[in-house]
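For reference, the chains in residue letters:
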Amino acid sequence: MQKTNTKKLKMLENIDALIFDLDGTLVDSMWIWRDIDVEYLKRYNITTPANIQLEVEGMSFTETALFFKEKFAIPDDAETIKSDWNKLAVKKYMTEVPMKPGAVDFLEFALLKGFKMGIATSNSIELVNQITNVHGLDKYFPVIKTSCEAKKGKPAPDIYLLVAETLKVKPERCLVFEDIVPGIIAGKSAGMKVCAVDDINSQATLAEKKRLADYYIYHYDEILRD
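Throughout this description, residue numbers start from 1 for each chain and increase along the sequence as written. The model is predicted, so local features are restricted to residues of pLDDT at least 70 and side-chain atom pairs to those at 80 or more, both for listing and for counting; the totals for chains, interfaces and linings are taken over all residues. Computation of side-chain values: all heavy atoms of the structure, hydrogens and water removed.

A. Structural detail: the overall build of the protein chain. Along the protein chain, the regular secondary structure elements total 11 helices and 6 strands. Over its C-alpha trace the protein chain gives a radius of gyration of 17 Å, about what one expects of a compact globule, namely 17 Å for 226 residues. With the C-alpha coordinates of the protein chain rotated into their principal frame, the extents come out at 55 × 35 × 35 Å. Sorting the 226 residues of the protein chain into buried and exposed places 51% on the buried side. By sequence separation, contacts in the protein chain at least 24 residues apart represent 66% of the contacts at least 6 residues apart. The helix count covers DSSP runs of H or I at least four residues long, the strand count covers runs of E at least two residues long, and both are numbered beginning at the N terminus. Between the two quantities, the radius of gyration covers C-alpha atoms and the globule rule is 2.2 Å times the number of residues to the power 0.38. Relative accessibility decides the category of a residue: with a 1.4 Å probe and only protein chains considered, values under 20% of the type maximum give buried, values over 50% give exposed, and everything between is partly exposed. Residue contacts are defined here by distance: any two heavy atoms, one from each residue, within 4.5 Å place the two residues in contact.

What follows is the structure, encoded as structure tokens:
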């Protein structure tokens, strides 16, 4: 019989809704974007800067496209850039992106306990739809919003406030799960509790993540077992 971790379960006290970032938080996908950046910029004979992922962390898909257009003098408009990225990423999202360890069990637990749940992501809606379909996540998440639907991307709180409003839950009754510093800041700025999620792609900011967040987990099964 599965035991629950009482200490970690305390993060769920006085909480009505759980709001998740997607990439690096629910699914192990952050690694593919380095590959996509290299492949995309190679078209223009541009060497991908080593710190490019840190520069765009938290930006919406549209904000990132505009950033690339300006920084690298890309001749295409933002919509074309986004379309090209989607084409490069879609197969990887469908075949190479697994769920984070313990995530499905935790979602099942949360669903049975009656928590409202939503996704607040900086990714494109096209890729979000692909990954949620592949892993059957729709039954957990009646609300899925992208930062392109908000006024500003992370670290602004807009996307988290939008999801909370749609779920009809007060921000202070929401718990956010995030893997990057701008996302943690966004959740805290929205007046929500935040649980930081470990991800190999954000190890450089591990100490800051732990400092900013209310809780930290390496795997979701920490919450559900001793």
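That shown, we press on.
B. Up close: helix α4 (residues 61–72). In this model α4 runs 16 Å from its N-terminal to its C-terminal C-alpha over 12 residues, within 8% of the 16 Å that 1.5 Å per residue would give. If you check which residues of α4 are buried, you get F61, T64, A65, F68 and F72. Buried residues of α4, seen end-on, are gathered within an arc of 100 degrees and therefore sit on one face of the element. In this structure, the buried side of α4 is in contact with α2 (30–42), α3 (52–56) and α5 (78–95). Positioned one or two residues after α4, A73 has a phi angle of 55 degrees, which is positive. Helix span is expected to be 1.5 Å times the residue number reduced by one. The arc in question is the one spanned by the directions pointing from the helix axis to the C-beta atoms.

C. Structural view of the nonpolar core. Core analysis: the largest hydrophobic core is formed by 51 residues, its most contacted members being L18, F20, L26, F106, F177 and Y220. In terms of residue count, the dominant contributor to this core is α5 (6 residues). Once residues within four sequence positions are removed from consideration, L18 is found in contact with L12, F106, A110, F115, K116, M117, G118, L175 and F177. Counting residues in each nonpolar core, the second largest holds 21 residues, with V143, A186, V194 and Y216 among its members. Here the nonpolar core consists of buried residues drawn from Ala, Val, Leu, Ile, Met, Phe, Trp, Tyr and Cys, with membership extended through side-chain atoms lying within 4.5 Å.

D. Quick look at the packing of aromatic side chains. By convention, a stacked pair of Phe, Tyr or Trp rings (six-membered ring in the case of Trp) has centres within 6.5 Å and planes under 30 degrees apart, an edge-to-face pair has planes over 60 apart, and any other such pair is tilted. According to the stated counting rule, one finds 18 aromatic pairs in the structure shown. Ring plane angle 65 degrees and centroid distance 6.5 Å describe the contact between F67 and F68, whose orientation is recorded as edge-to-face. Each residue in the set W33, Y40, Y44, F61, F67, F68, F72, W85 and Y93 is aromatic and connected to the rest through ring pairs, giving one cluster. Two conditions define a charge sitting above a ring: the NZ of Lys or the CZ of Arg must be within 6 Å of the ring centre, and it must be within 35 degrees of the ring normal. A cation over an aromatic ring shows up here: K210 above the ring of Y216, its NZ or CZ 5.2 Å from the ring centre.

E. Structural view of the environment of L161. As for its position among the elements, L161 is in helix α8 (residues 158–167). With a relative accessible area of 35%, L161 lands in the partly exposed category. Not counting chain neighbours up to four residues away, the residues in contact with L161 comprise P171, A190 and M192.

F. Local environment of the pattern of salt bridges. Any Lys or Arg side-chain nitrogen located within 4 Å of an Asp or Glu carboxyl oxygen qualifies as a salt bridge. Summed over all chains, the structure comprises 12 salt bridges. In this structure, K139 and E108 form a salt bridge, with 2.7 Å as the shortest nitrogen-oxygen distance. In this pair, K139 is assigned in the loop between α7 (125–135) and β3 (143–146) and E108 in helix α6 (residues 103–112), connecting sequence segments 31 residues apart. Between D214 and K188 there is a salt bridge, with the nearest N and O atoms lying 3.0 Å from each other. Placement of D214 in the loop between α10 (206–212) and β6 (215–217) and of K188 in helix α9 (residues 181–189) is noted, with a sequence separation of 26 residues between them. For K188, a relative accessible area of 34% puts it in the partly exposed group. Three or more residues are tied together by salt bridges with common partners; here these are D21, K154 and E178.

G. Inspection of the sheet that holds strand β5 (residues 193–197) at higher detail. Pairing within the open sheet is parallel, and its 6 strands lie in the order β3-β2-β1-β4-β5-β6. Of all the strands in the sheet, just β3 and β6 have a single pairing partner and so form its edges. Neighbouring strand axes in the sheet, compared pairwise and without regard to direction, differ in orientation by 20 degrees on average. Pairing of β5 with β6, which is carried by 3 bridges, proceeds in the parallel orientation. Counted as the bridge partner of V197 is I217 from β6. The axes are straight lines fitted to the C-alpha atoms, using for helices just the contacting stretch, and the angles between their N-to-C directions are given from 0 to 180°. Most of the contacts of α9 go to β5, to which it runs at about 165 degrees, and overall it touches β4 (174–178) and β5. Should DSSP find at least two bridges between two strands, the strands are regarded as paired.

H. Looking closely at the environment of K193. The residue K193 is located in strand β5 in this model. Residue classification places K193 among the partly exposed residues on the basis of a relative accessible area of 38%. For the pair K193 and P171, spaced 22 residues apart in sequence, the C-alpha separation works out to 8.7 Å. Contact partners of K193, with chain neighbours within four places excluded, come to C174, L175, V176 and D214.

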